[in-house]
Amino acid sequence: MLRLGALILISLITIATTAQQQTDSVAASNNATEEVQKVSYSGVPRKYEIADIAITGVEHLDKHILLNLSGLKVGQTISIPGDELTQALKRYWNHGLFSDVKIYQTKIVDNKVYLEIALKERPRLSEVNFHGVRRSELKDVEEKVVMMKESQVTPFLVARTQKYVKDYFVGKGFYNVDVNIVQRNDRKSPNHVILDINVDKKDKVKVRSLVFNGNKAFRYKKLNRAMKKTNQKGLMNFFRTKKFVKDLYEKDLVALIDFYNEHGYRDARILKETVVRNDDNTVDITIDLDEGKQYFIGDITWVGNNIYSGDYLSYVLQMKKGDVYNSKRMNKRLYEEDDAVHNLYMDNGYLFSNITPIESNVYADTIDLEMRIVEGTQATIDDVIIKGNDKTNEHVVRREIRTKPGQLFSKSELIRTVRELAQLGHFNPENINPVPQPDYDNGTVDIVYNLEEKSNDQVELSGGWGAGMFVGSLGLSFNNFSIRNIFNKEAYSPLPTGDGQKFSIKAQANGKYYKSISASFTEPWLGGRRPNSLTLSAFYSSQTGVSSSYYNNFYNGYRSGYVSGEVNKPSKGSLHQFRKVSGTSIGFGKRLTWPDDWFTLYTEFSYQYYQLRNWQYFLMQNGHSHNLSFRVTLMRNSIDNPIYTRSGSNFSIGLSITPPYSLFSDINWKTVDDDQKLYEFIEYHKWTVKGQVFKPLDNARKLVLMGKFEMGFLGYFDEYRKSPFEKYVMGGDGMSGYSTYGEETIGLRGYENSSLTPRKVTNGSYSYDGNIYNKYTLELRYPITLQPQATVFALAFAEAGNCWSEFQDFSPFDLKRSAGVGLRIFLPIFGLLGIDWGYGFDEVSGYNDAGGSQFHFVIGQSF
């Protein structure tokens, strides 16, 4: 059989055929007469029936789909040359998937033609490389481009990629950016290519001048401030961006009109704005304004309100006749703020209610308002659905939910529930998403709480230098423990979890000299019905064999050069010295409903047993002491997020008190010089007041200002039986390097550890004698990332505080001041970590270089 290799291209090809009789044996085998065609470009088109179509040259595409794409099919009558083949070629080319397309006629038998469609696929993508793009920009660019491996590289794909990359950087202010895409073969994979996307951003375009025309009500400075991201070069904008970014410029134009609207200029508009490019890579911007006139609020009437009176709604609105007309503020007072008018209805079940402000009359410079209310019916909660609690048992979540089935819908209770779930620490607070699903026909609503579990168990494995020695620590905190499953092997992963209980254990050691172990357990819902907590804890600490060099460091004012007073240095033989402290406590917490349900009352009974021998830190240096105390603390905590707090407050007042043994005795304690007799049963009353307030400073609620104050006072019942324990130790990072029982460490950044603590000379040695302190802190915080894997935020702080020995020396404004910056990182497995740099501005009496530049490390605490 003879193959005629006639190639049919996009142009018309004329084929002339002539017939030749074959041998009888061939004719018998074919049972047909075969004609051999010769190509003639001057021939006349002839009609043929397609007998077969073969698709060749493709590997990754479906041949049946490609055949359908041609528009040809077996049995179809076509003309050769003719329009049918030309249209088939065009379809393949227009699809863009092929770099070459040809159609062959392989043979013609009688009036039937056999066709072969030869296709060559375009290369596929194996790799994309970006050059000239920073790592911080790469993710955004890749999301913009979306180029998947193994996709075909077409001219459209390359052109689209080039446009998207260029548009991205133009949107960032790089108006002169060049994007060049180079395609090269991948030697490792046939018919695959690598795309190198080369980006030359060049310099950003800056604003040389910004001119306003037609502004009479406001000066240039205020209008320039309204343009938050588009500012001309100059001293007044030294700390603001001067770059010209088109998208931000357009937003600033909207912000400019909003600024006018907020001041009553309801009709303000931009007549014309021009942006002129200069040769020095700058732009000149001119904005022509029509300010219009300033409007004021006239009469406010309420229509459709049956639940609340118009006077009461006007009182809640906090806008009255004669006020400047501010539609933005009106919208906030109607809907957005916590005490908005609409929330009155939403908190009383009126989920379907709506308020529409209408400008009922506009005259002169006055606008009358008509508030049209559709109250609707009250919505009852039908079902509460919890999703995403893969680890935490459902009853732990449900007991914190304040929106119960059968109750009326309440927006404030919904928000409070989100706060309570965030306080548990088991879920990512940024992704707690309650979704009401209303049923208008039945007047009910289902509430779906979408949660995202996060790991909040913590491991502490660290070594640190504290008080002149190296201390190793190992601690485990299980914050979602389940004691009821402790004998259930299947519940271990690695310990039984899911019931929201807290169990922690920690050990510290420094060879033979120092060792400590502590453990605690908290059940937040004792009995499971009410939010009453039970806490049990126990500890043991031992320090022995202190070397003389260590004492010398302490006597000389550890790291700070304490130089006042006279001290007898211990001899090298005084190694049989120790301090051993053991103790236990039981605490009970109760959530109150009065004055409001943000309050909690916590009470605790504790007992510590001290054993001392030649211990020269305390007023008592030899003997043993018993400390039996009762502590009560009243707290009000309304913060929204325990890790990165944006709003709310946290206040507490507490009292720790021992039995007043001296009041029940006739002994004249002034004449007693036996430490064992004086301090066998120690007595004191210890008062603490603390407060924190958080306030977001921007609409995005990222920039947060935190203000904090605290004060403590350690009192006595008899001046000759002052407690040798429970003293305040102030200054530095607030970390002693190892667990110290019998002291309370108060941090104040910018100063050496313990450098602000008054000391007392007793029997030739120094002991801490801080009995009263106060401290103030301001922190400005901004988040870097708020992901569940890590919460990172930067801060700047200013602090002031001091510590005194006697109440009569207390001066609340005689403070040691400092300021600095810091970084906090919260990792679920390690807890809170951080570093601060602070500068202490004030000299400390008796210390050399206690202030000045100081670095502080933070582990598991906040200042």
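The shown structure was predicted, so the numbers you read here are calculated from the model rather than taken from an experiment.

What counts and how
- Residues numbered from 1 in each chain as written.
- Predicted model: local features only at pLDDT ≥ 70, side-chain atom pairs only at ≥ 80, totals over all residues.
- Heavy atoms only, no water.
- Helix = DSSP H or I, 4+ residues; strand = E, 2+ residues; numbered from the N terminus.
- Buried < 20%, exposed > 50% of the residue type's maximum accessible area, 1.4 Å probe, protein only.
- Contact = heavy atoms within 4.5 Å.
- Areas by Shrake-Rupley, 256 points an atom, 1.4 Å probe, with all protein chains shown as cover.
- Polar contact = N/O pair within 3.5 Å; in protein donor to acceptor, adjacent residues only side chain to side chain.
- Arc of directions from axis to C-beta.
- Phe/Tyr/Trp six-rings, centres within 6.5 Å; stacked < 30°, edge-to-face > 60°.
- Axes fitted to C-alpha atoms, helices over the stretch in contact; angles between N-to-C directions.
- Parallel < 35°, antiparallel > 145°, perpendicular 65-115°, else oblique.
- Left-handed = near helix turned anticlockwise from the far one by under 90°.
- Nonpolar A, V, L, I, M, F, W, Y, C, P; charged D, E, K, R; others polar.
- Pairing = 2+ DSSP bridges.
- Core = buried A, V, L, I, M, F, W, Y, C linked by side-chain atoms within 4.5 Å.
- Salt bridge = Lys/Arg side-chain N within 4 Å of Asp/Glu carboxyl O.
- Patch = residues over 30% accessible without salt bridge, like charges linked within 9 Å, V, L, I, M, F, W, Y side chains within 5 Å.
- pLDDT = per-residue confidence, 0-100.

Considerations on the overall build of the chain
When helices and strands are tallied, the chain shows 14 helices and 39 strands. Classification of the 863 residues of the chain by burial places 46% in the buried group. The contacts in the chain between residues at least 6 apart in sequence include a share of 62% that link residues at least 24 apart. A total of about 44000 Å² of accessible surface is found on the chain, and carbon and sulfur atoms cover 53% of it.

So, the side chain of Arg 646
By the element assignment, Arg 646 lies in the loop between strand S27 (623–637) and strand S28 (648–657). The class for Arg 646 is buried, based on a relative accessible area of 12%. Of the polar contacts made by the side chain of Arg 646, one reaches the backbone oxygen of Arg 701; its length is 2.8 Å.

A short note on the environment of Trp 837
With respect to the element layout, Trp 837 can be found in strand S38 (residues 831–840). The sequence separation of Trp 837 and Gly 820 amounts to 17 residues, and the corresponding C-alpha distance is 5.5 Å. Setting aside its immediate chain neighbours within four residues, Trp 837 contacts Phe 797, Ala 819, Gly 820, Val 821, Ser 853, Gln 854 and Phe 855.

Here we look at the environment of Ile 415
Here Ile 415 lies in helix H12 (residues 411–424). Looking at Ile 415, the relative accessible area reads 49%, which means it is partly exposed. As a C-alpha pair, Ile 415 and Asp 640 span 225 residues in sequence and 9.6 Å in three-dimensional space.

Here's the deal with helix H8 (residues 310–317)
When H8 is considered as a whole, its buried residues turn out to be Leu 313, Val 316 and Leu 317. Buried residues in H8, looked at end-on, bunch into an arc of 105 degrees, giving them a common side. Residues Asp 311 and Tyr 315 are exposed on H8 and point more than 90 degrees away from its buried face. One or two positions beyond H8, positive phi appears at Gln 318, with a value near 60 degrees.

Looking at the packing of aromatic side chains
Summed over the entire model, instances satisfying the criterion amount to 28 aromatic pairs. Taking 5.2 Å as the distance between ring centres and 90 degrees as the angle between the ring planes, the aromatic pair formed by Tyr 308 and Tyr 345 counts as edge-to-face. Highlighted residues: Tyr 308 in the loop between strand S14 (296–303) and H8 and Tyr 345 in helix H10 (residues 341–346), separated in sequence by 37 residues. Owing to a relative accessible area of 18%, Tyr 308 belongs among the buried residues under this scheme. A relative accessible area of 0% places Tyr 345 in the buried class.

Some thoughts on the packing of helix H4 (residues 135–145) against helix H5 (residues 155–171)
Viewed as axis vectors pointing N to C, H4 and H5 meet at an angle of 135 degrees, and their least axial separation amounts to 9 Å. Taken together, the axes of H4 and H5 lie oblique to each other. With respect to the hand of their crossing, H4 and H5 are arranged in right-handed fashion. Within the contact between the two elements, H4 uses Glu 137, Asp 140, Val 141, Lys 144 and Val 145 and H5 uses Arg 160, Thr 161, Tyr 164, Val 165, Tyr 168 and Phe 169. Tallied by class, residues from the contact of H4 with H5 come to 6 nonpolar, 1 polar and 4 charged.

Examining the sheet that holds strand S15 (residues 354–363)
Here we have 3 strands laid out as an open sheet, ordered S14-S16-S15, and mixed in their pairing. The strands lining the two open edges of the sheet, one partner per strand, are S14 and S15. If you compare each strand with its neighbour and ignore which way they point, the axes differ by 25 degrees on average. Where S14 lies against strand S16 (residues 366–374), 6 bridges are found, and the strand directions are parallel. Looking at the pairing, Val 303 lines up with Arg 372 of S16. Relative to S14, H8 is tilted by about 135 degrees, and along the sheet it contacts S14 and S16.

Digging into unusual backbone geometry
The omega angle of the peptide bond from Ile 80 to Pro 81 is -10 degrees, so this bond is cis rather than trans. Looking at the secondary structure, you find Pro 81 in the loop between strand S5 (77–80) and helix H3 (83–95). The omega torsion across Trp 594 and Pro 595 is 5 degrees, close enough to zero to call that bond cis. The phi torsion at Asp 110 lies on the positive side, around 55 degrees, for a residue other than glycine. Looking at where Asp 110 falls in the secondary structure, it is placed in the loop between strand S6 (98–109) and strand S7 (112–121). Judged by relative accessible area, Asp 110 falls into the partly exposed class, the value being 36%. Unusually for a residue other than glycine, Asp 849 sits at a positive phi of about 60 degrees. Structurally, Asp 849 is set in the loop between S38 and strand S39 (852–859).

Side note on the packing of helix H2 (residues 63–70) against H3
At a closest axis distance of 8 Å, the pairing of H2 and H3 adopts a crossing angle of 120 degrees. Classified by the angle their axes make, H2 and H3 are oblique. Where H2 abuts H3, its residues Leu 66, Leu 67, Leu 69 and Ser 70 lie against Ala 88, Arg 91, Tyr 92 and His 95. Of the residues assigned to the contact of H2 with H3, the class counts are 5 nonpolar, 2 polar and 1 charged.

Re H2
Two or three places before His 64, at the opening of H2, Asp 62 has a side-chain oxygen 2.8 Å from that residue's backbone nitrogen. Backbone geometry just downstream of H2 places Gly 71 in the positive-phi region, at approximately 85 degrees.

With respect to the nonpolar core
Among the nonpolar cores identified, the biggest contains 41 residues, and Phe 169, Leu 256, Tyr 260 and Ile 287 are the most heavily contacted of them. Not counting residues up to four positions away in its chain, the partners in contact with Leu 256 are Phe 212, Leu 223, Ala 226, Met 227, Ile 287 and Leu 289. In this structure, Trp 669, Leu 678, Tyr 679 and Tyr 684 belong to the second largest nonpolar core, which totals 28 residues.

Side note on the side chain of Asp 842
Note that Asp 842 resides in the loop between S38 and S39. Look at Asp 842 and you get buried, because its relative accessible area is 18%. A polar contact is formed between the side chain of Asp 842 and the backbone nitrogen of Arg 817, at a distance of 2.7 Å. If we ignore the near neighbours within four places in the chain, the residues touching Asp 842 are Tyr 751, Leu 815, Lys 816 and Arg 817.

Overview of the pattern of salt bridges
Taken as a whole and judged by the stated rule, the model has 43 salt bridges. Here Glu 710 and Lys 708 are joined by a salt bridge, their closest N and O atoms 3.7 Å apart. For Glu 710, a relative accessible area of 6% translates into the label buried. Judged by relative accessible area, which is 15%, Lys 708 ranks as buried. Here Asp 842 makes a salt bridge to Arg 817, at a shortest N to O gap of 2.8 Å. Linking Asp 842 in the loop between S38 and S39 with Arg 817 in strand S37 (residues 816–827), this pair joins segments that are 25 residues apart in sequence.

Quick notes on a nonpolar patch on the surface
Together, Leu 601, Leu 634, Phe 651, Ile 653, Val 689, Val 693, Phe 709, Met 711 and Tyr 776 give the surface a local cluster of nonpolar side chains, amounting to about 660 Å² of exposed area. Among the secondary structure elements, those contributing two or more residues to the nonpolar patch are S28, strand S29 (685–696) and strand S30 (704–715). Here Leu 634 shows up in strand S27. For Leu 634, a relative accessible area of 33% gives the class partly exposed.

Side note on the confidence of the model for the chain
Summarising the model, the chain shows a mean pLDDT of 84, and 87% of its residues fall at 70 or more. Scored below 50 in pLDDT, residues 1–42 shows 75 contacts in the model against residues more than four places distant or in partner chains. Note on residues 546–575: pLDDT under 50 across the span, and 68 contacts to partners over four residues away in sequence or across chains.

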